[in-house]
Amino acid sequence: MLERGRNVEHFKDYVTANTPSWDLPHRGQLPNRFTKENPQLCRAGVVTEGNRHFFVQDKEHPYIEEKPFTWVRGYQVGGKSLLWARWTQRWSDLDFGANAKEGAGVDWPVRYKDIAPWYAYVEKFAGISGNRDACHRCPTENFSRQWK
Ligand SMILES: Cc1cc2nc3c(=O)[nH]c(=O)nc-3n(C[C@H](O)[C@H](O)[C@H](O)COP(=O)(O)OP(=O)(O)OC[C@H]3O[C@@H](n4cnc5c(N)ncnc54)[C@H](O)[C@@H]3O)c2cc1C
């Protein structure tokens, strides 16, 4: 595997994962100096005092922004997957049938029922969590941990 960033060891390197915000020097808020030095990164609204060590700072890898473009990067083994919120919806039959219905692009060769068992497998494997809303638009998820 080719990786430009540092190795991140599971658990050991999640140095703030179990630190409550009140135990951080700025109670979880980004210090003014950091926000001034990283205007592009900070406007994404996802960086906190507790996770900023997993983000590339503006000066480390500047980019020319001809049109508004917020680029959030994480250079480490695991990339930004270390930061994601485990929010992953299934596509529904509405999504799989949209191309055919609207005459756009190519019709999907599969429908929701074909993919549903694989969704269930991946959700368990990856530990996807969230609400089991089971609405028509978002089919029932097989979450390993549920919020309600
Ligand atoms: C705070 C946060 C919350 C999120 N929450 C969710 C969520 O709930 N649900 C969801 O679906 N998505 C979420 N996302 C988005 C999701 O995490 C990313 O879309 C996903 O991780 C991107 O995967 P990727 O492999 O394309 O890129 P990355 O995860 O960014 O991986 C790219 C990898 O390539 C490496 N790399 C870069 N340049 C080079 C080079 N020149 N040579 C070698 N290696 C290189 C990097 O170091 C990195 O390891 C979230 C993102 C953030 C930041």
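The sections below set out a description of the structure shown in this document. Remember, predicted model here, so these are calculated numbers, not experimental data. (Residues numbered from 1 in each chain as written. Predicted model: local features only at pLDDT ≥ 70, side-chain atom pairs only at ≥ 80, totals over all residues. Heavy atoms only, no water.)

Things to note about the site of the ligand
Taken together, 16 residues are adjacent to the ligand, and Glu-3, Gln-76, Lys-80, Ala-85 and Trp-87 come closest. Contact between the ligand and Lys-80: an oxygen atom at 2.8 Å from a main-chain N or O atom of the residue. Residue Ser-81 places a main-chain N or O atom 3.4 Å away from an oxygen atom belonging to the ligand. Burial of the ligand by the protein amounts to 56% of the accessible area it has alone, namely 1000 Å². Its residues assigned to classes, the shell around the ligand comprises eight nonpolar, four polar and four charged. (Near = heavy atom within 4 Å. Polar contact = N/O pair within 3.5 Å; in protein donor to acceptor, adjacent residues only side chain to side chain. Areas by Shrake-Rupley, 256 points an atom, 1.4 Å probe, with all protein chains shown as cover. Nonpolar A, V, L, I, M, F, W, Y, C, P; charged D, E, K, R; others polar.)

Some details on a nonpolar patch on the surface
Together, Trp-118, Tyr-121, Val-122 and Phe-125 give the surface a local cluster of nonpolar side chains, amounting to about 540 Å² of exposed area. Checked against the element boundaries, Trp-118 lands in helix H5 (residues 112-126). Judged by relative accessible area, Trp-118 falls into the exposed class, the value being 56%. (Patch = residues over 30% accessible without salt bridge, like charges linked within 9 Å, V, L, I, M, F, W, Y side chains within 5 Å. Salt bridge = Lys/Arg side-chain N within 4 Å of Asp/Glu carboxyl O. Helix = DSSP H or I, 4+ residues; strand = E, 2+ residues; numbered from the N terminus. Buried < 20%, exposed > 50% of the residue type's maximum accessible area, 1.4 Å probe, protein only.)

None of this, on its own, says anything about what the molecule does.
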